[in-house]
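Chain by chain, the residues:
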Amino acid sequence: MGTLKDRLTADMRTALKARDELTTSTLRMALAAVGNAEVAGKAKRELSDDEVLAVLTREAKKRREAATAFAEAGRGEQAAKETAEGEVLERYLPKQLSEEELAEVVAGALAAGGFAGKGQLGPAMKAAQAAVAGRAEGGRVAAEVRRQLAV
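Residues numbered from 1 in each chain as written. Predicted model: local features only at pLDDT ≥ 70, side-chain atom pairs only at ≥ 80, totals over all residues. Heavy atoms only, no water.

K.L.:
Tell me about the layout of surface pockets, and please be specific about residues and values.
P.N.:
Of the voids in this model, the largest pocket is the one considered here, and its volume is about 380 Å³. At the level of elements, helix H3 (49-72) and helix H7 (138-149) are the ones that each hand at least two residues to the lining of the largest pocket. Taken together, the residues of the lining of the largest pocket break down into seven nonpolar, six polar and six charged. (1 Å grid on protein atoms, 1.4 Å probe; cavity = no way out; pocket = protein on both sides within 12 Å on 5 of 7 lines; lining within 4 Å. Points joined across faces, edges and corners; volume = space filled by probe spheres on them. Helix = DSSP H or I, 4+ residues; strand = E, 2+ residues; numbered from the N terminus. Nonpolar A, V, L, I, M, F, W, Y, C, P; charged D, E, K, R; others polar.)

K.L.:
Report on the packing of helix H2 (residues 21-39) against H3, specifying residues and quantitative values.
P.N.:
What describes two packed helices is the angle between their axes and the distance between those same axes. Relative to each other, H2 and H3 sit at 125°, their axes nearing to 10 Å. Considering their axes alone, H2 and H3 lie oblique with respect to each other. In this structure, the crossing between H2 and H3 has a hand that is right-handed. Mapping the contact onto sequence places Met29, Ala30, Ala33, Val34 and Ala37 in H2 and Val52, Val55, Leu56, Glu59 and Arg63 in H3. (Axes fitted to C-alpha atoms, helices over the stretch in contact; angles between N-to-C directions. Parallel < 35°, antiparallel > 145°, perpendicular 65-115°, else oblique. Left-handed = near helix turned anticlockwise from the far one by under 90°. Contact = heavy atoms within 4.5 Å.)

K.L.:
Describe the environment of Ala109, listing the residues and the values that go with them.
P.N.:
Its location among the elements puts Ala109 in helix H5 (residues 99-113). For Ala109, a relative accessible area of 12% corresponds to the buried category. Spatially, the C-alpha atoms of Ala109 and Ala127 are 6.0 Å apart, while their sequence positions differ by 18 residues. With residues up to four places along the chain from it excluded, the contact list for Ala109 reads Phe115, Ala127, Ala128 and Ala131. (Buried < 20%, exposed > 50% of the residue type's maximum accessible area, 1.4 Å probe, protein only.)

K.L.:
For the nonpolar core, give the residues involved together with the corresponding values.
P.N.:
Ranked by size, the top nonpolar core spans 17 residues in total, and within it Leu8, Leu27, Val52, Leu56 and Tyr92 carry the most contacts. Going through the elements one at a time, helix H1 (4-17), H2, H3 and helix H4 (76-90) are the ones with two or more residues in this core. When residues in this core are grouped by element, the largest group, five residues, is from H2. Non-local contacts of Leu27, meaning those with residues more than four positions away in its chain, are made with Leu8, Asp11, Met12, Val88 and Tyr92. Counting 14 residues, the second-largest nonpolar core is a separate cluster that includes Leu102, Val106, Val132 and Val141. (Core = buried A, V, L, I, M, F, W, Y, C linked by side-chain atoms within 4.5 Å.)

K.L.:
I'd like to hear about the side chain of Glu144, residue by residue, with values.
P.N.:
Relative to the helices and strands, Glu144 resides in helix H7. With relative accessibility at 8%, the residue Glu144 sits in the buried group. Setting aside residues up to four positions removed in sequence, Glu144 forms contacts with Leu102, Ala103 and Val106.

K.L.:
Describe in detail the environment of Thr26, supporting the description with residues and values.
P.N.:
Tracing the backbone shows Thr26 in helix H2. Take Thr26: its relative accessible area is 0%, and that puts it in the buried class. Taking the C-alpha atoms as reference points, Thr26 and Glu59, 33 residues apart in sequence, are found 9.8 Å from one another. If we skip the residues at most four places from it in the chain, Thr26 touches Glu85, Val88 and Leu89.

K.L.:
Please provide a residue-by-residue account of a negative patch on the surface, values included.
P.N.:
Together, Asp6, Glu46, Asp49 and Asp50 make up a negatively charged patch on the protein surface. Looking at the secondary structure, you find Asp6 in helix H1. For Asp6, a relative accessible area of 41% puts it in the partly exposed group. (Patch = residues over 30% accessible without salt bridge, like charges linked within 9 Å, V, L, I, M, F, W, Y side chains within 5 Å. Areas by Shrake-Rupley, 256 points an atom, 1.4 Å probe, with all protein chains shown as cover. Salt bridge = Lys/Arg side-chain N within 4 Å of Asp/Glu carboxyl O. Lys, Arg positive; Asp, Glu negative; His and termini not counted. Charge placed at Lys NZ, Arg CZ, Asp CG, Glu CD.)

Right, here's the structure in full:
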């Protein structure tokens, strides 16, 4: 159907016609974030699907963090809204790895690179992040790499 940005735009139009306010506002916000990323830097440019995916991942993470903060502050209604927005964004993100799958992928990346010991944490993280390819949050990947390197 084209790029991920095109898909977001088409889905937003569909939600607008269906009067789905949550999806419309969430996708509008996501497209604004993509637009901001496109004009960041010296010149405006089209983002690749991977770059759009990175923007959506950041936005989904913001929603999760905000939902947690609102829930802890006793603002359940606002927390529910943030959670619902995060769920809309999750539709466009790759399926997240389970803890077991993450451990397997990280173990494979560390074995392939021959990484051992905490002195190689940086290169090991880079290899693990490349192997995971956006299917797990950086914090989860870092924790798993540290656990396997016994840092």
